[in-house]
Amino acid sequence: MANFDRRTLLTLLGSSGAALTAPLPFKAFAWDRPPPYNVEPNPKFSTTPFTLGVASGEPLSDGFVLWTRLAPEPLDPHGGMPRRQMLVDWEVAADDGFKTIVQSGKFMAMPELAHAVHVEVSGLASNRPYWYRFMVGGERSPVGRSRTLPALGAPLDRVRFVAAGCQYYELGYFTAWRRIAEEPIDFVFHYGDYIYEGAGAKFATGDNFGKNPPPLRFHVGNELYSIDDYRARYGQYKTDPDLQAAHAACPWFVSFDDHEIDNNWAANIDENEMPQEIFATRKAMALQAYYENMPLRRSSMPVNGHIQMFRSAQYGDLLNAFFLDTRQYRSNQAYFDLASPQGPEVFAANRSMLGDRQEAWLFEGLSKSPSRWNLIAQQVLLMNLLRTGPEGGERLTGMDTWSGYMHSRRRLLDHIDKHRPGNVVTVSGDAHLHFAGDLIQDNGDGRVISAEFSATSVTSGADGTGDENPRVRSAMVGNAELKAITDKRGYLLCDINRNVWQADLKILDKVTQANGNLSTYASFHVEHGRPGIKRI
Ligand code: FE
Ligand code: CA
């Protein structure tokens with residue numbers, strides 16, 4: 001059996017080069033003791049352990065995170081793995097045939113983390129593609145392709161990305177991910193709802209019984225409560241070949257929304273307002289499973305039930321991307337989270353969407369941003385859309401979006417208006433419809449401050465009814481911000497150059513059949529220096 005010193009062990013755990021001297025953000029290991037003794041010396045598999053594919057994420061100008069998770073039986077507890085540590089070899093090459101391997105190493109996959117592999121590669125050249133793969137026990141993973149960022153502040157003419165999320169497994173095929181894998185993009189932003197926590201339709205009772213439309217393929221298991229439940233659900237979703245293709249195609253910046261844990265949770269409060277210490281246990285398990293299954297840096301490993309997710313990335317001098325966390329720090333939804341008129345609670349100054357620390361970070365980052373464009377990539381709709389309820393009367397809005405946190409919304413729009421007029425674009429999701437619109441302060445002056453594109457779902461909502469959906473029709477009435485909305489599945493494609501930010505709302509005719517047809521529902525331009533969107 002191998003004998004590891006501290007330096008070797010740190011390397012095996014995924015830190016490389018410069019990270020060696022930095023303190024680790026968690027204390028899972030006692031370094032003054034002998035290294036782990038339970039390493040499997042001779043891994044053997046009867047089927048491939050790479051059933052969940054490969055992924056990369058969190059690119060920097062000299063590296064990125066490489067991810068896989070060993071799981072020969074992805075639906076079983078521990079993924080069918082022995083309860084031992086296992087050494088996994090990894091390679092990064094300059095070409096897709098692995099003729100020139102530029103870095104390689106070993107990573108220790110551990111049962112505590114469901115045999116997840118998170119290799120933080122550094123020391124690579126900027127602004128170029130690399131290819132990577134993993135090997136263990138004579139088995140070899142599929143090849144993934146990643147990409148480093150341009151050097152900090154380097155001149156850059158173009159960046160392209162996709163925003164997508166809301167991938168309810170039972171309601172459709174992940175054709176959108178297959179098409180995204182074919183897009184010539186620099187990165188994917190996943191806005192959340194990577195999994196859904198509900199019981200499979202076969203197990204469902206109450207509200208979920210006899211879902212409409214009927215499921216196409218079934219969640220395994222009941223509502224998720226334990227870490228094994230969450231792990232198995234990721235295992236099921238991640239076996240999807242279309243999703244795997246998109247992960248293998250380019251680096252991702254992931255974020256979670258609500259369904260990675262529980263519908264419409266807020267900080268320590270779940271949908272049913274269980275005692276907070278009870279929800280905290282569930283949240284901690286869900287967040288650990290999220291970390292295990294995503295290409296995240298060690299700095300995002302959950303500690304005491306908290307996960308650090310807000311961060312930024314710079315694409316040369318062209319784009320500064322701010323990825324937000326609108327779940328962990330928000331105040332509880334107002335008015336019992338029911339569609340409600342915007343009463344005083346919605347405007348209360350002591351309620352926040354981002355929390356003080358994240359808001360200060362974002363505001364400072366935006367004020368000081370040297371980039372030509374700034375992206376606010378987050379989870380829930382920033383447009384303040386009101387609609388008339390079925391019985392008429394006062395106009396209502398959802399309490400889970402920024403419309404339920406108007407004090408935070410006012411502060412954000414004021415900040416953009418003051419510091420970065422005409423070069424901030426917000427991208428969001430969650431609503432299972434495409435939305436494109438201007439952002440206007442709610443003071444009645446009607447002045448356009450910024451722009452938002454909210455990406456529709458990958459499958460949630462099944463095929464959709466296009467422009468015939470009653471929600472679509474009611475949203476188009478009396479909402480000056482909204483320029484386009486449609487109820488189809490797909491993704492948002494952004495193509496940014498120095499003067500124009502183009503957004504294409506991509507839609508699929510069907511997700512309930514394999515290989516649905518992709519088209520562009522509408523395209524918009526945001527011109528640099530000119531707030532608001534223009535249909536082209
Ligand atoms: Fe969703
Ligand atoms: Ca959601």
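Residues numbered from 1 in each chain as written. Chains lettered and ligands numbered in written order. Predicted model: local features only at pLDDT ≥ 70, side-chain atom pairs only at ≥ 80, totals over all residues. Heavy atoms only, no water.

This next bit is on the domain arrangement of the protein chain. Looking at the assigned domains, one finds that the protein chain contains domain 1 (6-147) and domain 2 (159-535). Facing 37 residues of domain 1, the contacting portion of domain 2 comprises 32 residues. Counting each side, the surface lost to burial between domain 1 and domain 2 is near 2900 Å², with a carbon and sulfur contribution of 54%. Across the contact surface, domain 1 and domain 2 share 3 salt bridges. The salt bridge partner of R311 is E58, with a shortest N-O separation of 2.6 Å. Between the two partners, domain 1 and domain 2, sit 17 residue pairs in polar contact (both at pLDDT 80 or more). Those elements giving two or more residues to the side of domain 1 that touches domain 2 turn out to be β1 (55-60), β2 (63-69), β5 (116-121) and β8 (144-147). The biggest single contributor to the side of domain 1 that touches domain 2 is β1, with 6 residues. (Domains from an automatic or database assignment. Contact = heavy atoms within 4.5 Å. Buried area = accessible area lost by both parts, 1.4 Å probe. Salt bridge = Lys/Arg side-chain N within 4 Å of Asp/Glu carboxyl O. Polar contact = N/O pair within 3.5 Å; in protein donor to acceptor, adjacent residues only side chain to side chain. Helix = DSSP H or I, 4+ residues; strand = E, 2+ residues; numbered from the N terminus.)

The next thing to look at is the coordination of the iron ion (ligand 1). Expected angles at a metal are 109.5 degrees for tetrahedral coordination by four donors and either 90 or 180 degrees for octahedral coordination by six donors. Around the iron ion (ligand 1), the protein contributes the donor atoms C166 (SG), D193 (OD), Y196 (OH) and H432 (NE2), which lie 2.0 to 2.4 Å from the metal centre. Considered as a linear motif, the donors of the iron ion (ligand 1) on their single chain read C-x26-D-x2-Y-x235-H. Between the iron ion (ligand 1) and the calcium ion (ligand 2), both coordinated by D193, there is a metal-metal distance of 3.6 Å. Taken together, the residues D193 in the loop between β10 (187-190) and α3 (227-238) and H432 in the loop between β17 (424-428) and β18 (434-440) connect sequence positions 239 residues apart. In this structure H432 comes out as partly exposed when scored by relative accessible area, which is 22%. (Donors = N, O, S within 2.8 Å, 3.2 Å for Na, K, Ca; no water. Buried < 20%, exposed > 50% of the residue type's maximum accessible area, 1.4 Å probe, protein only.)

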